[in-house]
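# Geometric and topological summary
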Amino acid sequence: MMTEIDTTALAVFIFFLALVTVMGFVAARWRRPKTLAHIDEWGLGGRTFGTWITWFLVGGDFYTAYTVIAVPALVYTVGAYGFFALPYTIVVYPFVFMVMPLLWRRAKDHGYVTAGDIVHGQYGSRALELAVALTGVIATMPYIALQLVGMTVVFKALGLHGELPLAVAFIILALYTYSAGLRAPALIAFVKDIMIYIVVIAAIALIPAKLGGYANVFAAADADFKAKGAGSLLLGGNQYVAYATLALGSALAAFMYPHTLTGIFASNSGNTIRKNAVLLPAYTLLLGLLALLGYMGHAANLKLDSPNDVVPALFQTLFPSWFAGFAFAAIAIGALVPAAVMSIGAANLFTRNFWKAYIDPQVSDAGEAKVAKMTSLVVKVGALLVIIFLPTQFALDLQLLGGIWILQTLPALVFGLYTKWFRAPALLAGWFVGFFGGTYLVWDAGWKPLHMVPLGEAGFTVYTGLLALAANIVVSVVLNAVMPARATARA
């Protein structure tokens, strides 16, 4: 893969990054409220986003730069197994359609900003609130770091090395997020998504034509998989359960993350959320087309330092420099949007469920907004330090754990929407078993998110997050059944 600086590609890249930077600062005046000195306005955009803004925002922070890089890289490496992201991003939307409007209504009626707020309001337990909030923050940090991984791959393709380009990009991001809050990524998401759609449509239309057609693309990938003895165009019989459970578990976890919940809480109505559950699968089509770039990497006979380089290498090799720069800008902006929303979501959790709960219960609205702004800066700096000082693989391992961790907040957050039967101590015990039990299983498997369940002489492989969630629910149900009844439900 070329590492020399391509001045044309770099010029186009800088132009579009400068464009979204200006938009980020302009966003402070977009749909301007009376004041941004309120966490509802800074952290949730005033809860006024309609169908299209929500569509771009949620799509922008759900389908991230790392997704654009990692899904084709996984397909390039293992083949069909890498397509688990497609059923996962289909299964998730019936869940969103049914559950998220109820969660939005609970948050809207009581002025809740975070998942921790909802849990505390439902159960009156500071301990359970803190568990949910801490889980959200620590699961988000490596996710932000992985957006930096995506940007690092792009900078490498442009011939920019070292940490300085990354630091500059995130300093700019930090400044306009501090200024405009959630309005900044919401406005930039329009540009990001349009650019990504242009890039993907051009890629799937033109790359196969340059590689001899789709038949040759699949034949080349199949030949490479057979030659190395790993990967295939079709799932093997021992992969079915792992594939299905990984898709289901990922779907259940997806909208438990602070950044996706922030997009939900920023919507102006439950009906807006339902419309988005219908419209957002358009991104899944985009994701499926992106995944095919992994197979195209085989047909193009790319020489890669890492599978993560497959998408940038395709654009560098098969497109003119100006379009490669455009594609790289789309990917980089696709890192900035979710990183901004993730840092805002984590900052909201810290402010509401730690600072206000334990440090300054009487903090003013303006004080809350100020703490959230400062925390969002700290979160971004923390993610940058993870990438600079820790091996990238460590961030990857943490992200695998992040999905399993955040899944353990589902019972406390969702069950209370439908029943008042569960009580806080039982749910806290279930969270503890799922969180630490899931962490142990992943560590024991060499940081792989799959666990072998023995059955007779063989067995089957299951996504560890679902095993941990099952243990979480069982412990919660059993303890709740044997505990003396108490009227702890509030909402």
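Residues numbered from 1 in each chain as written. Predicted model: local features only at pLDDT ≥ 70, side-chain atom pairs only at ≥ 80, totals over all residues. Heavy atoms only, no water.

## Regarding the overall build of the chain
When you go through the chain residue by residue, the secondary structure sums to 21 helices and two strands. The dimensions of the chain, computed from C-alpha atoms along their principal axes, are 70 × 65 × 40 Å. A buried classification covers 59% of the 491 residues belonging to the chain. Taking the intrachain contacts of the chain between residues at least 6 apart in sequence as the baseline, contacts between residues at least 24 apart amount to 85%. Computed over 28 positive and 20 negative side-chain charges, the inter-centroid distance for the chain is 12 Å. (Helix = DSSP H or I, 4+ residues; strand = E, 2+ residues; numbered from the N terminus. Buried < 20%, exposed > 50% of the residue type's maximum accessible area, 1.4 Å probe, protein only. Contact = heavy atoms within 4.5 Å. Lys, Arg positive; Asp, Glu negative; His and termini not counted. Charge placed at Lys NZ, Arg CZ, Asp CG, Glu CD.)

## What to know about the nonpolar core
One finds Phe13, Met100 and Phe315 to be the most contacted residues of the largest nonpolar core, which totals 178 residues. Among all residues touching Phe315, those that are not within four sequence positions of it are Val199, Ala203, Phe323, Ala324, Ala327 and Phe328. (Core = buried A, V, L, I, M, F, W, Y, C linked by side-chain atoms within 4.5 Å.)

## Topic: helix α1 (residues 7–26)
End to end, α1 covers 28 Å across 20 residues, agreeing with the expected 28 Å (1.5 Å per residue, within 8%). When we look at burial in α1, the residues that qualify are Ala9, Leu10, Val12, Phe13, Phe16, Leu17, Val20, Thr21, Met23 and Gly24. Of the surrounding secondary structure, the elements contacted by the buried residues of α1 are α7 (126–158), α8 (164–180), α9 (183–210) and α16 (321–359). (Expected span 1.5 Å × (residues − 1).)

## Overview of α9
Compared with the 40 Å implied by 1.5 Å per residue over 28 residues, the 41 Å span of α9 between its first and last C-alpha is a close match. The largest bend in α9 is about 30 degrees, located at Ala189. With its phi angle positive at about 90 degrees, Gly212 sits one or two positions after the end of α9. (Bend = angle between axes of the 7 residues up to and from the residue.)

## Let's talk about the environment of Val199
By the element assignment, Val199 lies in helix α9. By relative accessible area, Val199 is classed as buried at 6%. As a C-alpha pair, Val199 and Phe315 span 116 residues in sequence and 9.5 Å in three-dimensional space. Beyond its immediate chain neighbours, meaning those up to four positions away, Val199 contacts Phe315, Phe323, Phe326, Ala327 and Ala330.

## So, the side chain of Thr177
Tracing the backbone through its elements, the reader meets Thr177 in helix α8. Judged by relative accessible area, Thr177 falls into the buried class, the value being 0%. Here the side chain of Thr177 touches Leu173 through a polar contact of 2.7 Å, landing on its backbone oxygen. If we skip the residues at most four places from it in the chain, Thr177 touches Trp42, Ala340, Ser343, Ile344 and Lys380. (Polar contact = N/O pair within 3.5 Å; in protein donor to acceptor, adjacent residues only side chain to side chain.)

## Things to note about the environment of Thr7
Note that Thr7 resides in helix α1. The spatial distance from the C-alpha of Thr7 to the C-alpha of Trp322 is 9.3 Å, given a sequence separation of 315 residues.

## Topic: unusual backbone geometry
Despite not being glycine, Arg47 shows a phi value in the positive range, around 55 degrees. One can find Arg47 in the loop between α2 (39–44) and α3 (51–62). For Trp447, which is not glycine, the phi torsion reads 65 degrees and is therefore positive. As for its placement among the helices and strands, Trp447 is situated in the loop between α20 (424–444) and β1 (450–453).

## Regarding a nonpolar patch on the surface
A contiguous nonpolar patch, built from Trp52, Phe97, Met98, Leu102, Val278, Leu279 and Tyr418 and spanning about 740 Å² of accessible area, is present on the exposed surface. Sorting elements by how many residues they give to the nonpolar patch places helix α5 (residues 85–110) first, with three residues. Its location among the elements puts Tyr418 in the loop between α19 (410–414) and α20. (Patch = residues over 30% accessible without salt bridge, like charges linked within 9 Å, V, L, I, M, F, W, Y side chains within 5 Å. Areas by Shrake-Rupley, 256 points an atom, 1.4 Å probe, with all protein chains shown as cover. Salt bridge = Lys/Arg side-chain N within 4 Å of Asp/Glu carboxyl O.)

## Details of the packing of aromatic side chains
Two descriptors summarise a pair of aromatic rings, namely the distance from one centre to the other and the angle between the planes of the rings. Taken as a whole, this structure holds 32 aromatic pairs when the rule is applied. Arranged with centres 5.0 Å apart and planes meeting at 75 degrees, the rings of Tyr143 and Tyr257 form a pair that is edge-to-face. Of the two residues, Tyr143 sits in helix α7 while Tyr257 sits in the loop between α11 (240–254) and α12 (258–265), which places them 114 residues apart along the sequence. Among the residues examined, Tyr143 registers a relative accessible area of 11% and is labelled buried. Ring centres of Phe415 and Phe422 lie 5.2 Å apart, and the angle between their planes is 35 degrees; this geometry places the pair in the tilted category. (Phe/Tyr/Trp six-rings, centres within 6.5 Å; stacked < 30°, edge-to-face > 60°.)

## A look at the packing of α20 against helix α21 (residues 464–482)
Relative orientation of the contacting elements α20 and α21 amounts to 155 degrees, with a least axis distance of 8 Å. The angle between α20 and α21 places the two elements in the roughly antiparallel class. When the axes of α20 and α21 are compared, the crossing they make is right-handed. In this structure, α20 contributes Ala426, Leu427, Ala429, Gly430, Trp431, Val433, Gly434, Gly438, Leu441 and Val442 to the contact, and α21 contributes Thr464, Ala468, Ala471, Asn472, Val475, Ser476, Leu479 and Asn480. Residue composition of the contact of α20 with α21, by class: eleven nonpolar, seven polar and no charged. (Axes fitted to C-alpha atoms, helices over the stretch in contact; angles between N-to-C directions. Parallel < 35°, antiparallel > 145°, perpendicular 65-115°, else oblique. Left-handed = near helix turned anticlockwise from the far one by under 90°. Nonpolar A, V, L, I, M, F, W, Y, C, P; charged D, E, K, R; others polar.)

## Here's the deal with the pattern of salt bridges
Side chains that differ in sign of charge can pair as their charged atoms come close. As enumerated under the stated definition, the model contains eleven salt bridges in all. Note that Arg352 is salt-bridged to Asp117, the shortest N-O span being 3.0 Å. Of this pair, Arg352 sits in helix α16 while Asp117 sits in helix α6 (residues 115–123), and the two are 235 residues apart along the sequence. Here Arg352 falls in the buried class, since its relative accessible area comes to 14%. Between Lys356 and Glu368 there is a salt bridge whose closest N-O contact spans 3.6 Å.

Function cannot be inferred from these measures alone, as they are strictly geometric.
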